Amino acid sequence: MSDCQQLSTQLQQKLGIVSPSPVHALQASWITAAQVKVYVKRDDLLHQIISGNKWRKLKYALLAASQRSSSRLVTFGGGHSNHVHALAYGCRALELPLTAIIRGDYRANMTPMLNDIADWGCDIKFVDKTTYQQRQNPSYLAKLARDFPNSMVIPEGGSDPLAMHGLAEIRSELVDQQHEDFDYILAPCASGGTLAGLSQAFIGTHTQIQGIAVLKGQGYLESLVAQLLENDGQQPNWHIDHQYHFGGYAKRPVELIDWCNDFSQQFALPLEPIYSGKLFYALQDKVGRGHYPKGSRILALHTGGLQGARSV
Ligand SMILES: *Cc1c(COP(=O)(O)O)cnc(C)c1O
């Protein structure tokens, strides 16, 4: 085992990550009727708290930070953020100090997510919308570097180049699980890191990566994904579908909530309406409409994140 693999195994043991996540087939009449095969990779089962794509994206940042234990981590998110929640848990377990810059002032109105991270010793800074908008601005980042010397800043959603390494491990896991031959992989898309990571991992194969936009962001989401990908002139293997955001980020009409409850029960698959609900709704709709050629093998990535629905 290489040093890096050994460190990675130690980190997973320390945090209690259950890896690899299982792959299940889904059986239903709408799948049989379309003559396709549908599978789910259960990244929601990797961990109770650092679940799904947040573990994939944060793994190498946590590994790097734990190797230089004096450094503070700084990150950004909303009051329900799965990313901040996962990172705060990881930092507590590894005894790394974390500052979370939160959009809006929730002091009188703490969410379940914020209560958890406060319990875990996270330093919370509430900022107004205008300040939060500067989160990628070089002069604002320079000020953060002065305020928190020797710190490591992780962007909103954890979508940065280090995240791509963690996501790439999905492909090697699928190979080990003898499940590498998918024609399509579907994942929800919000800050683009997951889609970019999958695209990079599968470039040069026949697998097409389909993102399901969970917010209104045609053009914007494509630019986020493209920024994370090195443009090496290869034919893009990814696409974002904008039909299934149900009106925007965290918008969840009753129709969607009812659909999620039914689907969850039918397949014994926990869903929330912000990410995985929209993903599986899109999957069923696309399969039902005959979007996929007969014989297609389709994988949906369950990206976890069930904590975000606690205050829904
Ligand atoms: C953050 C999150 C996403 C979005 O992933 P991006 O890489 O930001 O596009 C999808 N699903 C869940 C459950 C999430 O928490």
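Higher on the page you've got the structure.
Presented here is an overview of the structure given in this document. (Residues numbered from 1 in each chain as written. Predicted model: local features only at pLDDT ≥ 70, side-chain atom pairs only at ≥ 80, totals over all residues. Heavy atoms only, no water.)

## Structural notes on the site of the ligand
Quick reminder of the rule: Nearness of a residue to a molecule or strand requires only that one of the residue's heavy atoms be within 4 Å of it. Any N or O atom pair separated by 3.5 Å or less is treated as a polar contact, with the protein-specific requirement of one donor-capable and one acceptor-capable atom, and with residues adjacent in sequence counted only for side-chain atom pairs. Under the convention used here, a 1.4 Å probe and the Shrake-Rupley method define accessible areas, while residue burial counts only the protein chains that appear. Comment: elements are numbered from the N terminus, with helices defined as DSSP H or I runs of at least four residues and strands as E runs of at least two. The classification used treats Ala, Val, Leu, Ile, Met, Phe, Trp, Tyr, Cys and Pro as nonpolar, Asp, Glu, Lys and Arg as charged, and all other residues, Gly among them, as polar.
Neighbouring the ligand are 16 residues; Lys54, Lys57, Ser191, Thr194 and Thr303 lie closest to it. At 3.0 Å, a side-chain N or O of Asn53 approaches an oxygen atom of the ligand. Protein burial of the ligand: of its 380 Å² of free accessible surface, 98% is covered by the chains. At the level of secondary structure, the elements contributing two or more residues to the shell around the ligand comprise α3 (52–67), β7 (184–189) and α9 (193–202). Element by element, the count of residues in the shell around the ligand is highest for α3, at three residues. A class-by-class count of the residues in the shell around the ligand yields four nonpolar, 10 polar and two charged.

## A few points about the packing of aromatic side chains
Stated precisely, the cut-off is as follows: When the centres of two rings from Phe, Tyr and Trp lie within 6.5 Å, Trp using its six-membered ring, the rings pair. Their planes under 30 degrees apart give stacked, over 60 give edge-to-face, and anything left gives tilted. To sort residues, take the accessible area from a 1.4 Å probe on protein chains only and compare it with the maximum for the residue type: under 20% means buried, over 50% means exposed, and anything in between is partly exposed. We call a charge positioned over a ring when the NZ of a Lys or the CZ of an Arg lies within 6 Å of the ring centre and within 35 degrees of the ring normal.
For the coordinates displayed, the defined rule picks out 14 aromatic pairs. Each ring, one from Tyr39 and one from Phe182, has its centre 5.6 Å from the other, and the planes form 70°; the classification is edge-to-face. Remark: Phe182 occurs in the loop between α8 (161–176) and β7 and Tyr39 occurs in strand β2 (residues 37–42); sequence separation between them is 143 residues. Overall, the relative accessible area of 12% leaves Tyr39 in the buried class. Look at Phe182 and you get buried, because its relative accessible area is 1%. Three or more aromatic residues joined by ring pairs form one cluster here, namely Trp30, Tyr244, Phe246, Trp259, Phe263, Phe267, Phe280 and Tyr281. The ring of Tyr275 is capped by Lys54, whose NZ or CZ atom sits 5.7 Å from the centre of that ring. Over the face of the ring belonging to Phe182 we find Arg297, whose NZ or CZ atom lies 5.2 Å from the ring centre.

## A few points about α3
Short version of the rule: A helix's residues, less one, multiplied by 1.5 Å, set its expected span. Bending is quantified residue by residue as the angle between axes fitted to the seven-residue window ending at that residue and the seven-residue window starting at it.
Relative to the 22 Å expected for 16 residues at 1.5 Å per residue, α3 spans 23 Å between its end C-alpha atoms, a close match to the ideal helical length. Of all the bends in α3, the greatest, near 45°, is centred on Leu58. The buried fraction of α3 amounts to 13 of the 16 residues, a majority that puts the element mostly inside the structure.

## Focus on the environment of Asp116
Residue position: Asp116 is located in helix α5 (residues 112–119). For Asp116, a relative accessible area of 18% gives the class buried. A polar contact is formed between the side chain of Asp116 and the side chain of Arg310, at a distance of 3.0 Å.

## Here's the deal with the layout of surface pockets
Applicable threshold: Cavity and pocket criteria rest on a 1 Å grid covering protein atoms alone: a 1.4 Å probe that fits but cannot get out defines a cavity, protein on both sides within 12 Å along at least 5 of 7 lines defines an open pocket, and an atom within 4 Å of a point defines a lining residue. Grid points are joined across faces, edges and corners, and a volume is the space filled by probe spheres set on the points.
Estimates place the volume of the largest pocket at around 1,000 Å³. Forming the walls of the largest pocket are 43 residues, and the residues nearest its centre are Gly78, Glu156, Leu215, Tyr249 and Tyr275. Mapped by element, the contributors of at least two residues to the lining of the largest pocket are α3, β3 (73–77), α4 (82–94), α6 (129–132), β7, α9 and α10 (220–228). Taken together, the residues of the lining of the largest pocket break down into 15 nonpolar, 19 polar and nine charged.

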